[in-house]
Amino acid sequence: MRILTASDRALLVEAHDLDEAMRLNLAWDGVPGVVERIPGARTVLVRFDPLRTSASELAAVLAATEIGTGDLPSAGEVTVPVRYDGEDLDEAASLLGVSADELIRRHLAADWQVAFSGFAPGFGYVVSGDPLFDVPRRSSPRTRVPAGSVALAGAFTGVYPRESPGGWQLIGRTDAAMWDIDRDPPALLSPGALVRFTRAERDAIRAGSGSPSSAGGPNPRDDRSEAPTPSDDPRSPAVEVVRPSLQLLVQDAGRPGYAALGVSASGAADRQAMRDANRAVGNRAEAAVLESVGGAVLRFHGEGVAVVTGAVGDLLLTDAQGTGRDVAPGMPFATVDGDELTLGHPSHGLRYVIGVRGGIAAAPALDSRAADTLAGLGPAALAAGDAVAIGADAPHSVEPLPVPRALPAPGDLVDLEITLGPRDDWFTPAALDALTTQEWTITPRSDRVGIRLHGDVPLERSRSGELPSEGAVTGAIQVPPDGQPVLFLPDHPLTGGYPIIGAVTDRSLDLAGQLPPGARIRFVLKESS
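Now for a quick tour of the structure. Because the structure is predicted, anything quoted here is derived from the model rather than measured. (Residues numbered from 1 in each chain as written. Predicted model: local features only at pLDDT ≥ 70, side-chain atom pairs only at ≥ 80, totals over all residues. Heavy atoms only, no water.)

Quick look at the overall build of the protein chain
Tallying secondary structure elements over the protein chain gives 7 helices and 33 strands in all. Whereas a compact globule of 529 residues would reach a radius of gyration of roughly 24 Å, the protein chain reaches 24 Å, a difference of no more than 12%. Counting only C-alpha atoms, the protein chain reaches 75 × 55 × 45 Å along its principal axes. By sequence separation, contacts in the protein chain at least 24 residues apart represent 73% of the contacts at least 6 residues apart. A total accessible area of about 21900 Å² is found for the protein chain, and carbon and sulfur atoms account for 50% of it. Charge separation in the protein chain, taken as the distance between the mean sites of 46 positive and 69 negative side-chain charges, equals 1 Å. (Helix = DSSP H or I, 4+ residues; strand = E, 2+ residues; numbered from the N terminus. Rg over C-alpha atoms; globule rule 2.2 N^0.38 Å. Contact = heavy atoms within 4.5 Å. Areas by Shrake-Rupley, 256 points an atom, 1.4 Å probe, with all protein chains shown as cover. Lys, Arg positive; Asp, Glu negative; His and termini not counted. Charge placed at Lys NZ, Arg CZ, Asp CG, Glu CD.)

Side note on the nonpolar core
With 28 residues, the main nonpolar core has Leu-103, Ile-171, Leu-189 and Val-195 as its most contacted residues. Of all the secondary-structure elements, those providing two or more residues to this core are strand S5 (77–82), helix H3 (89–96), helix H4 (100–109), strand S6 (112–117), strand S9 (149–153) and strand S13 (194–199). Of all the elements, H3 adds the most residues to this core, at 4 residues. Once residues lying within four places of it in the same chain are set aside, the contact partners of Leu-189 are Val-78, Val-80, Val-114, Ser-117, Gly-124, Val-126, Val-159, Met-178 and Val-195. (Core = buried A, V, L, I, M, F, W, Y, C linked by side-chain atoms within 4.5 Å. Buried < 20%, exposed > 50% of the residue type's maximum accessible area, 1.4 Å probe, protein only.)

Quick word on the side chain of Glu-291
Tracing the backbone shows Glu-291 in strand S16 (residues 289–293). A polar side-chain atom of Glu-291 sits 3.0 Å from the main-chain amide nitrogen of Ala-269. Side-chain polar atoms of Glu-291 contact the side chain of Arg-448, separated by 2.9 Å. (Polar contact = N/O pair within 3.5 Å; in protein donor to acceptor, adjacent residues only side chain to side chain.)

So, the pattern of salt bridges
The full count for this structure, using the stated rule, is 32 salt bridges. Residue Glu-163 is joined to Arg-144 by a salt bridge in which the shortest nitrogen-to-oxygen separation is 3.2 Å. Of the two residues, Glu-163 is situated in the loop between strand S10 (156–159) and strand S11 (164–166) and Arg-144 in strand S8 (residues 142–145); the sequence distance between them amounts to 19 residues. For Glu-163, a relative accessible area of 32% corresponds to the partly exposed category. By relative accessible area, which is 33% here, Arg-144 ends up partly exposed. A single network of salt bridges, built from pairs that share partners, joins Arg-2, Glu-14, Arg-423, Asp-425, Arg-463 and Glu-470. (Salt bridge = Lys/Arg side-chain N within 4 Å of Asp/Glu carboxyl O.)

Focus: H3
Among the residues of H3, those classed as buried are Leu-89, Ala-92, Ala-93 and Leu-96. Projected down its long axis, H3 shows its buried positions confined to an angular sector of 100°, all on one face. Away from the buried face of H3 by more than 90 degrees, exposed residues Asp-90 and Ser-94 are located. Residues of H3 that are buried make contact with H4 and strand S12 (169–173). Directly beyond the C-terminal end of H3, a positive phi value near 75° is found at Gly-97. (Arc of directions from axis to C-beta.)

By themselves these figures say nothing about function.
Written out as structure tokens, the structure is:
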């Protein structure tokens with residue numbers, strides 16, 4: 001096997017084939033220091049805790065693995081009824097050199113098994129022993145694939161659990177719910193499950209177009225909790241949204257450990273700002289906070305203590321009588337019923353973090369209150385009139401913070417530390433030089449999934465073709481065919497097929513989450529230890 005650097009806290013292990021990747025993933029269950037494993041088509045991404053092991057020590061343990069030869073364990077059997085009417089059915093059949101009817105017959109007859117999960121919660125990569133199924137992705141991905149779409153790519157069949165972009169070949173659709181957080185396990189196509197595709201009755205599939213449900217897929221449970229309305233009882237503290245920002249979310253430390261279900265960790269984009277806010281108001285470090293992209297107006301119900309960290313801008317607290325006073329970043333302040341906090345447009349940074357004593361008490365999903373915008377997990381984005389309750393768990397005393405840390409303004413140049421790999425060998429020497437010598441501009445087409453960068457010199461590949469789907473870490477620098485990188489943030493997909501040239505180190509991730517459009521970055525290679 002070949003072991004590659006995926007980040008300063010992750011290794012990517014290459015296997016000879018899918019079967020070996022699945023066996024390696026099973027063999028590493030319980031290896032000391034391993035935080036999470038993300039299997040791919042021919043790889044396993046291994047995230048580790050640097051306080052418990054080093055990259056070199058872990059690599060030695062992984063390389064010494066003895067792989068089992070018995071049958072892979074099964075996770076039960078699943079039947080998925082399909083209506084074979086996908087937009088790409090005829091094209092996929094032509095690419096495979098068969099008729100559409102023959103493709104359908106072989107798809108129904110094959111023995112399928114879920115190899116691994118990724119891309120989105122409930123998306124299983126399902127493989128069979130039929131050599132027919134090896135079809136390339138679409139040359140131009142769709143911006144909208146309806147939920148329930150059954151698709152082919154490479155040797156895999158997959159079913160889109162919810163509406164999302166995608167580049168797989170669509171051959172049909174199903175009404176089966178791929179993801180239900182109240183089901184055990186939540187994913188219908190969980191790793192190891194044996195899958196049988198059957199023909200669906202015509203009236204069993206909702207036809208039409210428009211919403212995900214009418215487009216032929218299930219109306220998937222968007223596993224988000226609705227915001228509670230504020231109580232009329234002033235003794236029940238809450239935060240109400242008077243005017244939302246571009247994006248106002250509940251966030252906490254995230255939900256690591258669910259990669260096997262296709263669920264990324266998500267969590268606060270600026271973890272330091274979250275920890276600072278919680279320390280300032282006396283909360284536990286992992287308590288839920290509000291994360292605001294840009295300015296907003298919030299109203300407090302009941303009495304409490306709040307603080308604003310992260311981005312820097314004008315902060316004004318106005319009481320019910322209309323009297324206002326400035327609030328300093330990082331300084332906890334008392335609130336009474338009816339107080340309104342106005343957050344101005346940030347002058348530095350991008351994301352405000354608003355902490356309240358007791359923490360935000362939104363309903364959790366998979367042990368976390370974090371809003372995952374790609375997966376649709378956690379509380380929904382907050383809109384005008386929404387309110388979230390404030391909890392009562394604040395075991396520590398209030399602690400004012402020192403001067404806020406320096407954050408970039410639009411136009412500023414900042415350095416981000418990176419490691420190269422795992423797929424730097426997919427790029428020309430000139431591209432590797434351009435990665436670290438030229439400046440990259442943050443474009444407005446950026447969100448919690450990833451920051452889209454622009455450089456004068458696109459990164460040129462030395463290899464053509466497709467990369468089999470493999471795991472990706474937060475901070476990964478993925479390079480699409482146009483050569484303009486995307487820097488993954490907390491809500492990124494767990495797996496992808498574009499090569500990753502490098503990854504931002506853990507200590508630079510919080511700064512990456514605060515980069516506003518127009519800021520410029522320079523990638524600096526981490527020095528070898």
